[in-house]
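# Summary of structural features
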Amino acid sequence: MGLAEEVGSVLDDQALMEALNSTPVVEGHCQDRWGDDCALDGWAREHGGLGGDGEERRWLRAARDALQEVHTDPSARTRLRGVLADVRRVPRLGATGVVWDLEAPPERRLAVELVLAWADTEERMPGRLRPCENPECRLFLLDRSRANTGRWCSMKVCGNRLKARRHQARARETPRPE
């Protein structure tokens, strides 16, 4: 059982991926789907958050931004520590054994659960959550392939695009017979 399950987190891999992939590049420009308060509030309500709370929005954006950068920026871990500060897991006896309750300020609970979902994914599937290898893409992938060889968020979009560029570059470098 992973950490997120132990504390009864409502966030799963899909919710984590929605959060990580909420800043896609569209037609060459980075979009922030969570930049719109209404959109973020909807996501928060859908996942058991308060929805409509400015502090909850601030914590969710901070957690998302740090999680997006944790693979490339060591200071992101420090920011994650800020999200988790003064949070506790408290055991209680449940019907089937010990259950861990999460104690966090209400405005920070969903951001904490987002970090716990990330930690749970990293624990269950080490090295499989990563950014797309297309440098122009901001999306993440969760590689579920047996060989753990996934490189792109989408083979159809990023994979084909990069392969086509490499092919064109090789074709330009190869001298043509006259």
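One structure accompanies this document, and this report is about it. (Residues numbered from 1 in each chain as written. Predicted model: local features only at pLDDT ≥ 70, side-chain atom pairs only at ≥ 80, totals over all residues. Heavy atoms only, no water.)

### Here we look at helix α3 (residues 37-46)
Quick note on the threshold: For every residue, the accessible area (1.4 Å probe, protein chains only) is compared with the maximum for its type, and the residue is labelled buried under 20%, exposed over 50%, or partly exposed between those bounds. Secondary structure follows DSSP: runs of H or I at least 4 residues long count as helices, runs of E at least 2 residues long count as strands, and numbering of each begins at the N terminus. Comment: arc refers to directions from the helix axis out to C-beta atoms. Throughout, a contact is declared for two residues whenever any of their heavy atoms are within 4.5 Å. Counting of polar contacts relies on pairs of N or O atoms within 3.5 Å, with two restrictions inside protein: one atom must be capable of donating a hydrogen and the other of accepting it, and residues adjacent in sequence are counted only when both atoms are side-chain atoms.
All of the buried residues in α3 are L40, D41, W43 and A44. The buried residues of α3 occupy an angular sector of 160° when the element is viewed end-on, so they sit on one face. Opposite the packed face of α3, turned more than 90 degrees from it, sit the exposed residues C38 and E46. Where α3 is buried, its residues contact α2 (13-20), α4 (54-69) and α6 (109-124). The N-capping residue of α3, defined by a side-chain oxygen 3.2 Å from the backbone nitrogen of C38, is D36. Of the residues one or two after α3, G48 is the one with positive phi, at around 85°.

### With respect to the pairing of strand β4 (residues 97-103)
Filter applied, for reference: Two strands pair if DSSP finds at least two bridges between them.
In terms of strand pairing, strand β3 (residues 88-94) meets β4 through 7 bridges, oriented antiparallel. Looking at the pairing, R88 lines up with E103 of β4. Hairpin connection from β3 to β4: 2 residues lie between these consecutive antiparallel strands.

### Topic: the environment of R144
Turning to its location among the elements, R144 is positioned in the loop between β6 (140-142) and α7 (155-173). Since its relative accessible area comes to 57%, R144 is described here as exposed. For R144 and M125, which are 19 residues apart along the polypeptide, the C-alpha to C-alpha distance reads 8.5 Å. Contact partners of R144, with chain neighbours within four places excluded, come to D13, M125 and R128. Within the structure, the side chain of R144 is placed 3.4 Å from the side chain of D13, a separation counted as a polar contact.

### Some details on the nonpolar core
The condition is simple: In this text, buried Ala, Val, Leu, Ile, Met, Phe, Trp, Tyr and Cys residues form a nonpolar core when linked through side-chain atoms within 4.5 Å.
With 32 residues, the main nonpolar core has L16, W43, L60, L114 and W118 as its most contacted residues. Of all the secondary-structure elements, those providing two or more residues to this core are α2, α3, α4, α5 (75-84), α6 and β6.

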